[in-house]
Amino acid sequence: MMPPLNPDLVRALVGGAVIGLAAAMFLLLNGRIAGISGILGGLLRPVRSELGWRIAFVLGLVLSPCVFILFAPLPAVHVEAGKTSLIVGGLLVGLGTRYGSGCTSGHGVCGIARLSPRSLAATAAFMLAGFITVFMLRHLLNGASA
């Protein structure tokens, strides 16, 4: 007899599958990559013919938790970082998406699926930078203050 599946694992697998399906449909139906930074950037420099789908995409992102709670409670969120860390981190991510010509959704989800060498390199750089940052914050900086 098989043990019961962990509900968090099931939600993660279903969520990943839905993101992949949505990104594939977006590319097939619109011929566009579902890169969030590019879509948001297009709203900052609006082109009338692209405004509608960009707004609809962002509204879908914002309203999706409202649909989720119809089926299950939202997972608890616990953030250990302070406001300053979150602001600095957000600014660094924004800067990185500009230098990397895309974000984790554009490169990590869509680009890797297309086997784009540029996206493979960008995603590897994102991951490596994340690993180094966590290591430094958890082990080097935390140990220095103890």
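Above this text sits the structure in question.
Since the model is a prediction, treat every value here as computed from it, not as a measurement. Position numbers for residues count from 1 along each chain, tracking the sequence in the order it is written. Side-chain atom pairs in this predicted model are given and counted only at pLDDT of 80 or more, local residue features only at pLDDT of at least 70, and totals for whole chains, interfaces and linings cover all residues. Neither water nor hydrogens contribute to the side-chain values; these are computed over all heavy atoms in the structure.

### As for the overall build of the protein chain
Each helix is a run of H or I in the DSSP string that is no shorter than four residues. Each strand is a run of E no shorter than two, and both are numbered from the N terminus. The helix and strand inventory of the protein chain stands at six helices and zero strands. C-alpha atoms of the protein chain, sized along the principal axes, occupy 55 × 50 × 30 Å. Partly exposed describes any residue whose relative accessible area lies between the buried limit of under 20% and the exposed limit of over 50%, with all areas from a 1.4 Å probe on protein chains only and scaled to the type maximum. A buried classification covers 16% of the 146 residues belonging to the protein chain. Contact criterion: two residues are considered in contact whenever any of their non-hydrogen atoms come within 4.5 Å of each other. Here the contacts in the protein chain between residues at least 6 apart in sequence split such that 37% fall between residues at least 24 apart. Using a 1.4 Å probe, the Shrake-Rupley method yields the accessible areas, and only the shown protein chains count as cover for residues. When the accessible surface of the protein chain is split by element, carbon and sulfur atoms take 73% of a total near 11,300 Å².

### Side note on helix α1 (residues 7-30)
Each turn of an α-helix holds 3.6 residues, which means side chains three or four residues apart point in the same direction. To estimate how far a helix should extend, the number of its residues minus one is multiplied by 1.5 Å. Compared with the 34 Å implied by 1.5 Å per residue over 24 residues, the 34 Å span of α1 between its first and last C-alpha is a close match. Between the side-chain oxygen of the N-cap and the backbone nitrogen of Asp8 there are 2.8 Å, and the N-cap of α1 in question is Asn6. Downstream of α1 by one or two residues, Gly31 has phi in the positive range, about 70 degrees. Pairing of N or O atoms within 3.5 Å defines a polar contact, subject to two protein rules: one partner must be a possible hydrogen donor and the other a possible acceptor, and residues neighboring in sequence count only if both atoms are side-chain atoms.

### Some remarks on the pattern of salt bridges
Salt bridges are defined by distance alone: a side-chain nitrogen of Lys or Arg within 4 Å of a carboxyl oxygen of Asp or Glu. Within this structure, the stated rule accounts for four salt bridges. The closest approach of N and O atoms between Arg11 and Asp8, which form a salt bridge, is 2.9 Å. Taken together, the positions of Arg11 and Asp8, both in helix α1 and three residues apart, correspond to about one turn of that helix. Assessed through its relative accessible area of 39%, Arg11 is described here as partly exposed. Between Glu50 and Arg32 there is a salt bridge whose closest N-O contact spans 2.8 Å. Taken as a pair, Glu50 in helix α3 (residues 48-68) and Arg32 in the loop between α1 and α2 (36-44) lie far apart in primary sequence, 18 residues in all.

### Quick notes on unusual backbone geometry
The phi dihedral of Leu115 falls on the positive side, at around 60 degrees, and the residue is not glycine. Mapped onto the elements of the fold, Leu115 is located in the loop between α5 (104-113) and α6 (117-145).

### Quick word on the packing of aromatic side chains
A pair of aromatic rings is counted whenever rings of Phe, Tyr or Trp (Trp by its six-membered ring) have centres within 6.5 Å, and the orientation is called stacked for planes under 30 degrees apart, edge-to-face for over 60 and tilted otherwise. Enumeration according to the criterion identifies two aromatic pairs in this entry. An aromatic cluster of three or more residues is present, and its members are Phe26, Trp53 and Phe57.

### Regarding the packing of α2 against α3
Helix packing for two helices is described by the angle between their axes and how far apart those axes are. Contact geometry for α2 and α3: axes closest at 9 Å, N-to-C directions at 125 degrees. One element, α2, and the other, α3, form an angle in the oblique class. For α2 against α3, the interelement crossing comes out left-handed. Of the residues in α3, those touching α2 at Ile36, Gly38, Ile39, Leu40, Gly42 and Leu43 are Leu51, Trp53, Arg54, Ile55, Phe57, Val58 and Leu61. Grouping the constituent residues of the contact of α2 with α3 by class yields 10 nonpolar, two polar and one charged. For helices, the axis comes from a line fit to the C-alpha atoms of the stretch in contact; other axes are also lines fit to C-alpha atoms, and the angle between any two N-to-C directions lies between 0 and 180 degrees. What sets the label is the angle itself: under 35 degrees gives roughly parallel, over 145 gives roughly antiparallel, 65 to 115 gives roughly perpendicular, and the rest give oblique. By definition, any crossing whose near helix is turned counterclockwise from its far helix by less than a right angle is left-handed, and any crossing with a clockwise turn is right-handed. By the convention adopted, Pro, Cys, Tyr, Trp, Phe, Met, Ile, Leu, Val and Ala count as nonpolar, Lys, Arg, Asp and Glu as charged, and the other residues, Gly among them, as polar.

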